[in-house]
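Structure assessment
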Amino acid sequence: MISRRRFTQVFAAGLAATSLAACSSLPAAGVDLRAGSGEHTSLGTIKHADAGVVSMAYAEFGPANGKPVLLLHGWPYDPYSYADVAPLLVAQGFRVLVPFLRGFGPTVFKSADTVRNGQQTAIAQDVVALMDTLKIDKAILGGYDWGSRTAAVIAALWPERCQAVVPVSGYIVANLKANLQPLPPAAELGWWYQYYFATERGRAGYAANRHDFNKLIWKTASPSWRFDDATYDRSAAAFDNPDHVAIVIHNYRWRLSLAPGEPQYEAYEQKLASGATIGVPAITLASDFDGAAKDGKAYRAKFTGKYEHRILDGIGHNVPQEAPRPFAQAIVDAAKL
């Protein structure tokens, strides 16, 4: 899940009724934002490619010559978040790639000696390295939670690799200095799991109970999403990765300056901390998870190129899986900005 939340702007949701061809970039009365959720339950054959320090597993959909779209998942989720989004985009001629981030599913480190680092620029470099291996010069990037942050980091640091970006919850790039500042008590309460992870008890508890732990996070982050056990279990298999616990714990400890990053990423982190903006075309999405920050005003200035903001009322944190058609429509529209 995301960390310090400063978010969101005006209502301009891209919705869908029955198919992508019928999608409008304006809200329509009575449209079911959850339409199409759960229609697909397979990612197809999982492929592998070198991606820097990891051998990255990924699902691929659509024609090899289609306009490439990379869709990035969050924690505690996996590529099944996009099982319903991908076919919608393929119907529009896109080539869709959905990688398992480091620490998830079949993605593995190539060396036992590599630091199990969950910091934001390390994860972003994995994705850029995957693009290099697959000879993808530029792609549309979309994501939520860790995936939203990763897409934003790539757009800010390597804009030449990004045609457009669709980040759920807007600009959530981590700033370590800002993360040291306390929040109001109600906001701190929402951080309970991050403080838990800061302890060795938390590490042991997550390692022993990750299946039930992450199911609780799903319910908390998306209280109106009535997912069934089969849906959760398909994604929960990704948490059995041998490095999953190490990556998750390091990610949250690093964000609170309780664990160090690696020197090779420091220049990138410094650039982000100095206030890096995103100049590529962008459509930001907000949901109920973003709370009072849903209007997007707090991060509007971070997007300096062509820009739209859309709010999906009644949807929780896992936007692409809960509302696949509005998410897919945002990708389609971002490609046209």
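Source: prediction; values computed, not measured.

As for the pairing of strand E1 (residues 46–51)
Taken together, the six bridges between E1 and strand E2 (residues 54–61) define a ladder with antiparallel strand orientation. Across the sheet, the residue bridging to lysine 47 is tyrosine 58, located in E2. The antiparallel pairing of E1 with E2 creates a hairpin that spans two residues between the two strands, and glycine 52 there sits at a positive phi of about 70°.

Section: empty space enclosed by the protein
In this structure the tally under the stated criterion is two cavities of 30 Å³ or more. In this structure, the largest cavity occupies an estimated 60 Å³ of space. Lining the largest cavity are Gln119, Gln120, Ile123, Trp146, Arg149, Thr150, Asn251, Trp254 and Arg255. If you list the elements that add at least two residues to the lining of the largest cavity, you get helix H2 (120–133), helix H3 (146–157) and helix H9 (244–255).

Re the nonpolar core
Membership of the largest hydrophobic core comes to 100 residues, with the highest contact counts inside it found for Leu71, Trp75, Leu89, Trp146, Phe197, Ile278 and Phe327. With eight residues, the top contributor of residues to this core is H3. Discounting chain neighbours no more than four positions away, the residues touching leucine 71 are Tyr82, Val85, Leu89, Val96, Leu97, Val98, Pro99, Gly142, Phe327 and Ile331.

Considerations on the packing of helix H7 (residues 200–221) against helix H8 (residues 229–236)
As a packed pair, H7 and H8 sit with axes 11 Å apart at the nearest point and diverge in direction by 120°. If you check the angle between H7 and H8, you find them oblique. The element H7 and its partner H8 pack so that their crossing is right-handed. On the side of H7, the interface is formed by Arg210, His211, Asn214, Lys215 and Trp218, while H8 contributes Asp229, Thr231, Tyr232, Asp233, Ser235 and Ala236. Its residues assigned to classes, the contact of H7 with H8 shows three nonpolar, four polar and four charged.

Observations concerning the pattern of salt bridges
A side chain with one charge may pair with a side chain of the opposite charge, provided their charged atoms come close. All told, the structure shown has 15 salt bridges when counted by the stated rule. Among the ionic pairs, arginine 325 bridges to glutamate 39, the shortest N-O distance being 3.7 Å. Of the two residues, arginine 325 sits in helix H12 (residues 324–334) while glutamate 39 sits in the segment before E1, which places them 286 residues apart along the sequence. Owing to a relative accessible area of 11%, arginine 325 belongs among the buried residues under this scheme. Close ionic contact of aspartate 313 with lysine 294 constitutes a salt bridge, the shortest N to O distance being 2.6 Å. Here aspartate 313, found in the loop between strand E9 (307–312) and helix H11 (319–322), pairs with lysine 294, found in the loop between strand E8 (282–287) and E9; they are 19 residues apart in sequence, far enough to count as distant. The class of aspartate 313 is partly exposed, set by a relative accessible area of 41%. On the accessibility criterion, lysine 294 (16% relative accessible area) is buried. When salt bridges that share partners are traced, they join Lys47, Glu60 and Arg95 into one network.

Quick look at H8
Listing the buried residues of H8 in full gives Thr231, Tyr232, Ser235 and Ala236. Buried residues of H8, viewed axially, fall in a sector of 130°; they line one side. On its buried side, H8 packs onto H7 and H11.

With respect to the environment of lysine 271
Along the polypeptide, lysine 271 turns up in helix H10 (residues 266–273). Relative accessible area serves as the criterion here: at 44%, lysine 271 is assigned to the partly exposed category. For lysine 271 and leucine 157, which are 114 residues apart along the polypeptide, the C-alpha to C-alpha distance reads 7.9 Å. Excluding its chain neighbours within four sequence positions, the residues that come into contact with lysine 271 are Ala156, Leu157 and Ala276.

Here we look at the confidence of the model for the chain
For the chain, per-residue confidence averages 92 on the pLDDT scale, and residues scoring 70 or more make up 91% of the total. The low-confidence segment residues 3–27, where pLDDT is below 50, has 97 contacts with residues more than four positions distant or belonging to other chains.

What counts, and at which threshold
- Residues numbered from 1 in each chain as written.
- Predicted model: local features only at pLDDT ≥ 70, side-chain atom pairs only at ≥ 80, totals over all residues.
- Heavy atoms only, no water.
- Pairing = 2+ DSSP bridges.
- Helix = DSSP H or I, 4+ residues; strand = E, 2+ residues; numbered from the N terminus.
- 1 Å grid on protein atoms, 1.4 Å probe; cavity = no way out; pocket = protein on both sides within 12 Å on 5 of 7 lines; lining within 4 Å.
- Points joined across faces, edges and corners; volume = space filled by probe spheres on them.
- Core = buried A, V, L, I, M, F, W, Y, C linked by side-chain atoms within 4.5 Å.
- Buried < 20%, exposed > 50% of the residue type's maximum accessible area, 1.4 Å probe, protein only.
- Contact = heavy atoms within 4.5 Å.
- Axes fitted to C-alpha atoms, helices over the stretch in contact; angles between N-to-C directions.
- Parallel < 35°, antiparallel > 145°, perpendicular 65-115°, else oblique.
- Left-handed = near helix turned anticlockwise from the far one by under 90°.
- Nonpolar A, V, L, I, M, F, W, Y, C, P; charged D, E, K, R; others polar.
- Salt bridge = Lys/Arg side-chain N within 4 Å of Asp/Glu carboxyl O.
- Arc of directions from axis to C-beta.
- pLDDT = per-residue confidence, 0-100.

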